[in-house]
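Each chain, written out:
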Amino acid sequence: MPLVSRMRPFTSTIFAEVSALAVAHDAVNLGQGFPDSDGPTSMLEAAQRAIAEGQNQYPPGPGIPALREAVAAQQLDDYGLAYDPDTQVLVTVGATEAIAGAILGLVEPGREVVMIEPFYDAYAASVALAGGVRRTVPLVAEGDGFTLDREALAAAFGPNTAAIVVNTPHNPTGTILSDDELTEIARLCVEHDVIAIADEVYEHLVFDGAVHRPLATFPGMAERTLRISGAAKTFHVTGWKVGWISGPAELVRAARAAKQYLTFVGSGPFQPAVAHALRNEMDWVREDAEGLGRKRIRLSKALADAGFSVHRSQGTYFVCADPRPLGITDGAAFCRELPARLGVAAVPVSAFVDDQQPWRHLLRFAFAKDDDVIDEAAHRLSRLT
């Protein structure tokens, strides 16, 4: 096989496989995390204007000034984080490129990157591209939720640790890391002089009065954290691929050095639209989060009624469900059967881990769907019982 060995585990993604099965069997696709509805009207109109007015060529390498300024203003308003939009904010082609740029720009071959397991599959692929070594720290079940294994976290840090990737709110489990957990991550980063890459793309999608606290706000972390977010999940525009990195200028420069040879630039006419949305549509985002919280309850009830044991989701687009009460122990095999058997698609959580055994049963379902779509999935899943 001509593909380099380090990339052979990443030739396809579980999302593509499950989505293909969903199409083949006309299944309700609750596997891939994209919403059924568009974002705020004024943002969509701003993009249309930008196209009509000719903003269709290369934007500036760091991103248009209006978007970098809007990103900096939002983080100052929401979290008290002060970033210089000229040197400390970089616009990327989605959060996935931001992650890749950060890892490629900051991790030398052979150095270790700590990741919380389960992890978004792009993290592992980016570490492989950089020639790095991943070290995983598990979340462990606690009641109907999950908590960080702090003993494993401390053991994962050492003299060869270059960075840690911290995702909260967490995909796929919907967990929000507690202040105590984030404090311990910060302590270890400072003690071992480790860079943190904080994937916070679901920062606004939290439920039940939960509050998102960026890792960069914890003691000692502002000077060593690259904070990543984007428009895709916040404003329901996953196809626009507008993300950003914020952090110390020297770390942002390192990420930009790698990023500029991945895509150079992108999302030209969408950048002014996202800048408009960050300035004017955050009330829409808050209302959307409330609606998503209700959809989470709707889908969680449907899964429980179908016989699953359902884990608590504090944020994101996702809820995890345990099919073992139905006598099902192999989540990956079950996900491959579901589209043909019941006309519903889900993703096995085992696709997001190195250590398969603790997670082999669990399924991830996306609830960022229209209510009638969730209800149709509920009707089809009810045949399990």
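All residue numbers here refer to positions counted from 1 along the written sequence of the relevant chain. Given that the model is predicted, a residue must reach a pLDDT of at least 70 before its local features are reported, and side-chain atom pairs must reach 80 or more before they are shown or counted; all residues, however, enter totals for whole chains, interfaces and linings. Excluding hydrogens and water, the side-chain figures rest on all heavy atoms present in the structure.

With respect to the overall build of the protein
Stated formally: Helical segments are the DSSP runs of H or I of at least four residues, strand segments are the runs of E of at least two, and each set is numbered from the N terminus. Here the globule rule reads 2.2 Å times residues to the power 0.38, and the radius of gyration is calculated from C-alpha atoms. Any pair of residues with heavy atoms lying within 4.5 Å of one another is described as a contacting pair. For the area figures, the Shrake-Rupley method with a 1.4 Å probe applies, and any residue is considered shielded solely by the protein chains shown. Note on charges: Lys and Arg go in the positive column, Asp and Glu in the negative column, and His and the chain ends are not counted at all. For charged residues, the charge sits on one atom: NZ in Lys, CZ in Arg, CG in Asp, CD in Glu.
Across its full length, the protein carries 13 helices and 14 strands. The C-alpha radius of gyration of the protein comes to 20 Å, within 12% of the 21 Å expected for a compact globule of 385 residues. Reported as C-alpha extents along the three principal axes, the dimensions of the protein are approximately 55 × 55 × 50 Å. Partitioning the intrachain contacts of the protein with sequence separation of at least 6 by distance along the chain shows that 75% fall at a separation of at least 24. Summing over all exposed atoms, the protein offers an accessible surface of approximately 15,400 Å²; the carbon and sulfur share of this is 50%. Separation of charge centres in the protein, based on 33 positive and 48 negative side chains, amounts to 4 Å.

Thoughts on the pattern of salt bridges
For clarity, the cut-off: Whenever Lys or Arg places a side-chain nitrogen within 4 Å of a carboxyl oxygen from Asp or Glu, that contact is recorded as a salt bridge.
All chains considered together, the criterion is met by 22 salt bridges. Of the charged contacts, one joins Asp-193 and Arg-224 as a salt bridge, the two residues approaching to 3.1 Å between their closest N and O atoms. In this pair, Asp-193 is assigned in the loop between helix H7 (179–192) and strand E7 (195–199) and Arg-224 in the loop between E7 and strand E8 (225–230), connecting sequence segments 31 residues apart. Connected through shared salt-bridge partners, Lys-295, Arg-298, Asp-371 and Asp-375 make up one network.

A word on the UniProt feature "domain: Aminotransferase class I/classII large" (unreviewed entry) in the protein
We apply this condition: UniProt positions are given in the numbering used here, feature names are shortened, and annotations may be inferred rather than shown by experiment.
The sites that carry the UniProt feature "domain: Aminotransferase class I/classII large" (unreviewed entry) are, in the present numbering, residues 26–381. In residues 26–381, the share of helix is 40% and the share of strand is 18%. The end C-alpha atoms are 15 Å apart.

Some remarks on the packing of helix H3 (residues 65–79) against helix H10 (residues 270–280)
What counts here: Axis definition: a line fit to C-alpha positions, over the contact stretch in the case of helices; interaxial angles, taken between N-to-C directions, run 0 to 180 degrees. Orientation categories follow fixed angle ranges, with anything under 35 degrees roughly parallel, anything over 145 roughly antiparallel, 65 to 115 roughly perpendicular, and all other angles oblique. The hand of a helix crossing depends on one turn: near helix anticlockwise from the far one by less than a right angle means left-handed, and clockwise means right-handed. Here the nonpolar group is Ala, Val, Leu, Ile, Met, Phe, Trp, Tyr, Cys and Pro; Asp, Glu, Lys and Arg are the charged ones; every other residue, Gly included, is treated as polar.
One can describe the packing of H3 onto H10 by two numbers: an axis separation of 8 Å at closest approach and a directional angle of 25°. On the basis of the axis angle, H3 is roughly parallel to H10. Of the two possible hands of crossing, H3 and H10 adopt the one that is left-handed. On the side of H3, the interface is formed by Ala-66, Leu-67, Glu-69, Ala-70, Val-71, Ala-73 and Gln-74, while H10 contributes Gln-271, Val-274, Ala-275, Leu-278 and Arg-279. Looking at the contact of H3 with H10, its residues break down into 8 nonpolar, 2 polar and 2 charged.

Observations concerning the packing of aromatic side chains
Where we set the bar: Aromatic rings from Phe, Tyr and Trp, with only the six-membered ring used for Trp, were paired whenever their centres fell within 6.5 Å, and each pair was classed as stacked if the ring planes differed by under 30 degrees, edge-to-face if by over 60, and tilted otherwise. Buried means the residue's accessible area, taken with a 1.4 Å probe over protein chains only, is under 20% of the maximum for its type, while exposed means over 50%, and partly exposed covers the values in between.
Scanning the model with the defined rule gives 10 aromatic pairs in all. Relative to Phe-270, the ring of Trp-240 has its centre 4.4 Å away and its plane inclined at 15°; by these criteria the two rings are stacked. Taken together, the positions of Trp-240 in the loop between helix H8 (231–234) and strand E9 (243–246) and Phe-270 in helix H10 put the pair 30 residues apart, joining distant regions of the chain. Given the relative accessible area of 14%, Trp-240 is considered buried. On the accessibility criterion, Phe-270 (22% relative accessible area) is partly exposed. Relative to Phe-318, the ring of Tyr-317 lies with its centre 6.2 Å away and its plane at 65°, an arrangement referred to as edge-to-face. Of the two residues, Tyr-317 and Phe-318, both sit in the buried class.

Description of empty space enclosed by the protein
Where we set the bar: Think of a 1 Å grid over just the protein atoms. A cavity is a set of points where a 1.4 Å probe fits yet cannot get out, a pocket is an open set with protein on both sides within 12 Å along at least five of seven lines, and lining residues have an atom within 4 Å of a point. Grid points are joined across faces, edges and corners, and a volume is the space filled by probe spheres set on the points.
Inspection of the entire model under this criterion finds 2 cavities of 30 Å³ or more. Approximately 40 Å³ is the volume attributed to the largest cavity. Lining of the largest cavity is provided by Pro-60, Gly-61, Pro-62, Gly-63, Val-91, Thr-92, Lys-259, Val-265, Gly-266 and Gln-271. The residue makeup of the lining of the largest cavity, split by class, is 4 nonpolar, 5 polar and 1 charged. Taken as a whole, the second largest cavity spans an internal volume of roughly 30 Å³. Ile-116, Pro-118, Phe-119, Tyr-120, Tyr-123, Val-165, Val-166, Asn-167, His-170 and Asn-171 are the residues that line the second largest cavity. Considering every element that reaches the lining of the second largest cavity, the biggest residue donor is strand E6 (residues 161–167), with 3 residues. Tallied by class, residues from the lining of the second largest cavity come to 7 nonpolar, 3 polar and no charged.

Some remarks on the pairing of strand E3 (residues 112–117)
Each regular strand shows side chains that alternate between the opposite faces of the sheet. Inclusion rule: By definition, two strands form a pair when at least two bridges between them are found by DSSP.
Most of E3 is tucked away: 6 of the 6 residues are buried. Residues Glu-112, Val-114 and Ile-116 of E3 are buried on one face, and the alternating residues Val-113, Met-115 and Glu-117, pointing to the opposite face, are buried as well. Pairing between E3 and strand E4 (residues 133–142): 6 bridges, direction parallel. Within E4, the residue paired with Glu-117 across the bridge is Pro-138. As defined by bridge partners, E3 adjoins E6 across 4 bridges and the pair is classed as parallel.

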